[in-house]
Amino acid sequence: MITSLLVANRGEIARRVFRTCRDLGIATVAVYSDPDADAPHVREADTAVRLPGAAPADTYLRADLIVAAARAAGADAVHPGYGFLSENAEFARAVLDAGLTWIGPPPAAIAAMGSKTEAKRLMSAAGVPVLSAPAEPTEADLPLLVKAAAGGGGRGMRIVRTLADLPGALLAARTEAAKAFGSEEVFCEPYLPAGRHIEVQLMADTHGTVLAVGDRDCSLQRRHQKVVEEAPAPGLSDTLRADLHAAAVAAARAIGYTGAGTAEFLLAPDGRFFFLEMNTRLQVEHPVTECVTGLDLVALQLTVAEGGKLPEQAPPTSGCAIEARLYAEDPDQDWQPQTGRLHHIELPGTTAEFTTGRTASGLRLDSGVDAGSTVTVHYDAMLAKVIAWAPTRPAAARLLADALTRARLHGPLTNRELLVRAVRHPAFLAERLHTGFLTEHAAELTAGPAGTTDKDAPLAALAAALADAAGRRTHLPSGWRNLPSQPQVKRYRAADGTEHEVRYRLTRDGLRAEGHPDTTLVEAAPDRVVLAVGALRRSYAVAVYGATVHLDSPSGATVLTALGRFPEPVEHTEPGALLAPMPGTVVRVGAAVGERVVAGRPLLWLEAMKMEHRITAPTDGVLTDLHVAPGDQVEPGTLLAVVTEPA
């Protein structure tokens, strides 16, 4: 019996595993890097062990330190979570060699699926259909997808649409794969832009039982990383679903699999499906399966690790569950990750965190952060997973969109608005899903001011000004007036750069605001303003952090920056200057000083939050200055290079 368990991970997956451990009476042990010293998963564990350093390579990827931490804390089992060392066969062996229980499949099974090329060979031999491209592709084989053999999470992947682009894509994928996974092996397979990403949840025990525990659709992706997932996968015939489940079970049996795992398939528009890979761990999106089956997949993992038996059949699914991954990122700026302090995170109506099965509200929140957490450049930018369950798919989509709209998120910019628009999109509701969905509908999903879901920003600016005035009145004598004959003037800047000037008077007859002739003030306090626009009342919850004002209403959210009375001096930036859009590490340089470049050509690659970001030439010209080199750490606004236009 497991009595004390160490989670070799961080964030929400560590908290998720701890939740089940508490339910089962198992003591918990956390590990943490220096940036995570005050993280929620550390506070919630019974015992926590420091891994000195900040970079994953020095902390969460150090198998020796984690095994030593388990021994020091008296843990008798290790759960790897997902990411980091979760699919590292050598780590699994090290845990077992230390006399600890490994919560995962046998190391041999992990190794068999560790290389996608070897996995495809094994699956083909087991009769599972696989995708393959010729060794010497021609134009007829395009488009192609270059993939890292040891990769995952979208890294080491490139789409190739012309043969001329193939050498560069191979080089870029090898470079990224070597850095991320320690192996530069890559391969090509046909790219099906209209294909769907379907996966089957597997559970297998040591007594010969292998169960297909439902399926999921994970087609909504950006940069080959999942954003929205749902269970069960919609629109599959009973025959196709049965065939997918049978192929997944065959894949697991072919490698002697035990524990939780996921077989991933690409479903072509003509109904054919192909094996992509097997994830030998718990998936990020496992909550949607728990919601529709009522199972606790972590508890089943522990049952298998303790030698217990699984039920002979998987339970039937009920209803639909949809999960949205809430990221600190800007979809309008090539998904650039955002950093900073998270002042507040709240989803009204969410009554359960990490709770399996169906909750009273139908909403579940799995998050690795809380109010006061700092989003750093060191780790993935995901803040939380918001999961909605309902008896029908349309009802689940509506519940999820409403929960995201009402969420109070104060801090770095997020992808919240894109998620809301995606699950409300007619094509999503009509089940027209494919891996290019976000790209195909980009104009509709990302249009509008960044960081804003309330479409009436001028009215929100008026509410911000009135909340500020209410706060100032608490510090002034009640009879004090400042030039009552003149309007009060305040200026705010929205996240997209749009400026809003508010002019108003508070008279004996009520509010008089320029541009809002039909608006009256119902209530004003520093943290709440209620306005009536004609017969319609609008309420705003107001929170101020320095010069930043967050306004939340049932119709959405607005983020504004309070400006001074006088225009700010314009900072001078050299024409053609390339500034770092985020903190990160320079991993590659694509041109030399003196070289002629064309607009849009990648000149630098920055790595931040497990993703590579291209910095491109802003114009045709000559690269006249290069201020960084591979390995350099940069902060936002750092001058990276200068491209000078020809005279």
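On a predicted model such as this, the values are computed, not experimentally measured, just so you know.

Bringing the sheet that holds strand 30 (residues 556-563) into the picture now. Spatial strand order, 25-24-23-30-29-28-27-26: eight strands in an open sheet with antiparallel pairing. Of all the strands in the sheet, just strand 25 (510-513) and strand 26 (519-525) have a single pairing partner and so form its edges. The mean angle between the axes of side-by-side strands here comes to 30°, regardless of whether they run parallel or antiparallel. Of the pairings in the sheet, the one linking strand 23 (residues 488-494) to strand 30 comprises four bridges and is antiparallel in character. The residue bridging Ala-494 from the neighbouring strand is Leu-560, located in strand 30.

On to the sheet that holds strand 36 (residues 621-626), then. Taking strand neighbours across the sheet as the criterion, the four strands line up as 31-38-36-33 in an open arrangement whose pairing is antiparallel. One side of each edge strand has no neighbouring strand; the edge strands of this open sheet are strand 31 (577-579) and strand 33 (596-597). The pairing of strand 36 with strand 38 (residues 639-644) spans four bridges and is antiparallel. Note on strand 38: the bridge partner recorded for Asp-625 is Val-642.

In summary, soluble globular proteins display a tendency toward joint burial of nonpolar side chains. Leu-220, Val-228, Ile-322, Leu-400, Leu-419, Phe-428 and Leu-438 are the most contacted members of the largest nonpolar core, which totals 41 residues. Contributing elements (two or more residues each) for this core: strand 11 (225-231), strand 14 (320-327), strand 19 (363-367), strand 21 (382-390), helix 11 (393-406), helix 12 (416-424), helix 13 (426-429) and helix 14 (437-440). Looking at this core element by element, the count peaks at seven residues for helix 11. When near neighbours in sequence (up to four residues on either side) are disregarded, Leu-438 contacts Leu-220, Gln-221, Arg-222, Val-227, Trp-335, Leu-418 and Leu-445. The next biggest cluster of nonpolar side chains, apart from the first, holds 30 residues, and it includes Ala-77, Tyr-82, Val-284 and Met-382.

The end-to-end C-alpha distance of helix 1 (residues 11-24) is 21 Å, a good match for the 20 Å that 14 residues give at a rise of 1.5 Å each. Helix 1 sits mainly inside the fold: 10 of its 14 residues count as buried. Those residues of helix 1 that fall on the buried side of the exposure criterion are Gly-11, Glu-12, Ile-13, Ala-14, Arg-15, Arg-16, Val-17, Phe-18, Thr-20 and Cys-21. Directly beyond the C-terminal end of helix 1, a positive phi value near 80° is found at Gly-25.

A word on helix 4 (residues 89-97). The complete set of buried residues in helix 4 reads Ala-89, Phe-91, Ala-92 and Val-95. End-on view of helix 4: buried residues confined to an arc of 160°, all on one side of the axis. Turned more than 90 degrees away from the buried face of helix 4, the exposed residues are Glu-90 and Asp-97. For helix 4, the side-chain oxygen to backbone nitrogen distance between the N-cap and Glu-90 is 3.0 Å, and the N-cap itself is Asn-88.

What follows is about the pattern of salt bridges. Under the definition given, this model contains 40 salt bridges. Residues Arg-421 and Glu-417 are paired through a salt bridge, measuring 2.5 Å at the closest nitrogen-oxygen approach. In this pair, Arg-421 and Glu-417 both sit in helix 12, four residues apart, roughly one turn of the helix. The same class applies to Arg-421 and to Glu-417, which are both buried. For the salt bridge of Arg-601 with Glu-595, the shortest nitrogen-to-oxygen distance reads 2.8 Å. When its relative accessible area of 24% is taken as the criterion, Arg-601 is described as partly exposed. In this structure Glu-595 comes out as partly exposed when scored by relative accessible area, which is 28%.

Our focus in this paragraph is the packing of helix 4 against helix 5 (residues 107-114). As a packed pair, helix 4 and helix 5 sit with axes 8 Å apart at the nearest point and diverge in direction by 170°. Judged on the interaxial angle alone, helix 5 and helix 4 are roughly antiparallel. On helix 5, the residues that touch Ala-89, Ala-92, Arg-93 and Leu-96 of helix 4 are Pro-107, Ile-110 and Ala-111. Grouping the constituent residues of the contact of helix 4 with helix 5 by class yields six nonpolar, no polar and one charged.

Relative to the helices and strands, Cys-188 is located in strand 8 (residues 186-190). For the pair Cys-188 and Leu-122, spaced 66 residues apart in sequence, the C-alpha to C-alpha distance is 17 Å. Each residue touching Cys-188, except ones within four places of it in the same chain, is listed here: Ala-133, Leu-145, Val-146, Leu-166 and Leu-170.

Moving on: the state of the cysteines. A complete count under the given rule lists zero disulfides for this structure. For the unlinked cysteine Cys-218, the closest cysteine sulfur is that of Cys-320, found at 12 Å.

Turning our attention to the pairing of strand 21. In summary, the side chains of a regular strand alternate between the two faces of the sheet. In terms of burial, strand 21 is a largely internal element, nine of the nine residues being buried. Sheet topology places strand 19 next to strand 21; five bridges connect them, and they run antiparallel. Of the residues in strand 21, the one forming a bridge with Ser-367 is Ala-384.

Two aromatic rings, taken as a pair, are described by how far apart their centres are and by the angle between their planes. Here the structure, examined in full by the defined rule, presents five aromatic pairs. Ring geometry for Tyr-60 against Phe-84: centres 5.1 Å apart, planes inclined by 25°, an arrangement best described as stacked. Here Tyr-60 is found in the loop between strand 3 (47-50) and helix 3 (63-73), whereas its partner Phe-84 is found in the loop between strand 4 (77-79) and helix 4, with 24 residues between them in sequence. According to the relative accessible area criterion, Phe-84 is partly exposed, its value standing at 27%. Arranged with centres 5.7 Å apart and planes meeting at 75°, the rings of Tyr-60 and Tyr-379 form a pair that is edge-to-face. Of the two residues, Tyr-60 is situated in the loop between strand 3 and helix 3 and Tyr-379 in the loop between strand 20 (374-375) and strand 21; the sequence distance between them amounts to 319 residues. In this structure, Tyr-60 and Tyr-379 share a single accessibility class: buried. In this structure an aromatic cluster arises from ring pairing among Tyr-60, Phe-84 and Tyr-379. Positioned above the aromatic ring of Phe-428 is the side chain of Arg-393, whose terminal nitrogen or guanidinium carbon lies 4.4 Å from the ring centre. Over the aromatic face of Trp-605 sits the side chain of Arg-588, whose NZ or CZ is 4.0 Å from the ring centroid.

About the thresholds
Residues numbered from 1 in each chain as written. Predicted model: local features only at pLDDT ≥ 70, side-chain atom pairs only at ≥ 80, totals over all residues. Heavy atoms only, no water. Pairing = 2+ DSSP bridges. Helix = DSSP H or I, 4+ residues; strand = E, 2+ residues; numbered from the N terminus. Axes fitted to C-alpha atoms, helices over the stretch in contact; angles between N-to-C directions. Core = buried A, V, L, I, M, F, W, Y, C linked by side-chain atoms within 4.5 Å. Buried < 20%, exposed > 50% of the residue type's maximum accessible area, 1.4 Å probe, protein only. Contact = heavy atoms within 4.5 Å. Expected span 1.5 Å × (residues − 1). Arc of directions from axis to C-beta. Polar contact = N/O pair within 3.5 Å; in protein donor to acceptor, adjacent residues only side chain to side chain. Salt bridge = Lys/Arg side-chain N within 4 Å of Asp/Glu carboxyl O. Parallel < 35°, antiparallel > 145°, perpendicular 65-115°, else oblique. Nonpolar A, V, L, I, M, F, W, Y, C, P; charged D, E, K, R; others polar. Disulfide = S-S within 2.5 Å. Phe/Tyr/Trp six-rings, centres within 6.5 Å; stacked < 30°, edge-to-face > 60°. Lys NZ or Arg CZ within 6 Å of the ring centre and 35° of its normal.

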